[in-house]
Amino acid sequence: MMDEVCFSSASSGASKTYPKQCSALRKNEYVILKRHPCKIMEMSTSKTGKHGHAKVHLVGMCIFTNKRYEDICPSTHNMDVPNVKRTDYQCIGVEDGYVNLLSDDGIQKDDLKLPDNELGEHIKARCDNNDTFMVTVLQAMDEEQICGVKNMNP
């Protein structure tokens, strides 16, 4: 007899990161620095030294906290690059510190916290005015955060 197998959830199987050679990274791309997904703000390469490796100095800002991180890596080594996904949702309202969102295919999402900064205040004010607008959600490394607001196209 065969046992029944139940799959309660499934994922695409995509990795959270992929490798990329350090020398191939560019400014404004994403990279993992000190285990945080960061956007590269500054990048400089030192000359080949006595032991043969040019070093790349990377400075990045965490895409979720805006905290600055730095790292130095040999240019021939690989660094992890996060799979970053941007999605636009229609904002329906704010309830108990969480934002109610609606995707293009009609699925409701209500598990994102209202940001505790100017952006959060702006979203709350627009919801209080019953404005119709979209929010942009950035997703990387099993984290999601609202990162922007834009007007809906008429």
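First, a word on scope: everything that follows refers to the structure included in this document.

With respect to helix H1 (residues 118–128)
Piece 1. All of the buried residues in H1 are Leu-119, Gly-120, Ile-123, Arg-126 and Cys-127. Along the axis of H1, the buried residues cluster in a sector spanning 130°; they form a single face. The exposed set on the far side of H1, more than 90 degrees from its buried face, consists of Glu-118, Glu-121 and Asp-128.
Piece 2. Of the surrounding secondary structure, the elements contacted by the buried residues of H1 are strand S7 (85–95), strand S10 (133–140) and strand S11 (143–151).
Piece 3. Where H1 begins, the side chain of Asn-117 points an oxygen toward the backbone nitrogen of Leu-119, at a separation of 3.0 Å.
Piece 4. Of the residues one or two after H1, Asn-130 is the one with positive phi, at around 60°.

Quick word on unusual backbone geometry
Piece 1. Unlike most non-glycine residues, Asn-28 shows phi in positive territory, near 75°.
Piece 2. Within the fold, Asn-28 resides in the loop between strand S1 (17–21) and strand S2 (30–33).
Piece 3. Despite not being glycine, Met-141 shows a phi value in the positive range, around 55°.
Piece 4. Secondary-structure assignment places Met-141 in the loop between S10 and S11.
Piece 5. Residue classification places Met-141 among the partly exposed positions, given a relative accessible area of 27%.

Overview of the sheet that holds S7
Sheet strands line up and pair through hydrogen bonds in the backbone, either parallel or antiparallel.
Piece 1. An order of S9-S8-S7-S10-S11 is seen for the 5 strands of this open sheet, with the pairing classed as antiparallel. Each of the sheet's edge strands pairs with one partner strand only, and the pair in question is strand S9 (108–113) and S11. Taking each pair of neighbouring strands and ignoring which way they run, the sheet shows an average axis angle of 45°.
Piece 2. Contacting S7, S10 and S11, H1 runs over the sheet at an angle of about 55° to S11.

What about the pattern of salt bridges?
Piece 1. In this structure the tally under the stated criterion is 8 salt bridges.
Piece 2. For Glu-70, the salt bridge identified is with Arg-68, shortest N-O distance 3.2 Å.
Piece 3. Here Lys-109 and Glu-144 are joined by a salt bridge, their closest N and O atoms 3.0 Å apart. A residue pair is termed long-range when its members are at least 10 positions apart, and Lys-109 in strand S9 and Glu-144 in strand S11 qualify at 35 residues.

Conventions and cut-offs
- For every chain, the first residue of the written sequence is number 1, and numbering continues from 1 onward in sequence order.
- Note on the predicted model: pLDDT of at least 70 is required for a residue's local features to be given, and 80 or more for side-chain atom pairs to be given and counted; whole-chain, interface and lining totals, by contrast, use all residues.
- For the side-chain quantities, the full set of heavy atoms in the structure was used; hydrogens and water were omitted.
- Each residue's exposure class comes from its accessible area (1.4 Å probe, protein chains only) as a fraction of the maximum for that residue type: buried when under 20%, exposed when over 50%, partly exposed otherwise.
- The way it works is that DSSP assigns letters per residue, a run of H or I at least four long becomes a helix, a run of E at least two long becomes a strand, and they are numbered from the N terminus.
- By arc we mean the arc of the directions from the helix axis to the C-beta atoms, nothing more.
- Note on contacts: a residue pair qualifies if any of its non-hydrogen atoms lie within 4.5 Å across the two residues.
- As used in this structure description, the phrase polar contact means that two N or O atoms lie within 3.5 Å; if the pair is within protein, one of them must be able to donate a hydrogen and the other to accept it, and residues adjacent in sequence are counted only when both atoms belong to side chains.
- In this description, strands pair whenever DSSP reports at least two bridges between them.
- Axis geometry follows a simple rule: fit a line to the C-alpha atoms, using only the stretch in contact for helices, then measure angles between N-to-C directions, giving values from 0 to 180 degrees.
- Salt bridges are defined as contacts in which a side-chain nitrogen from Lys or Arg sits within 4 Å of a carboxyl oxygen from Asp or Glu.

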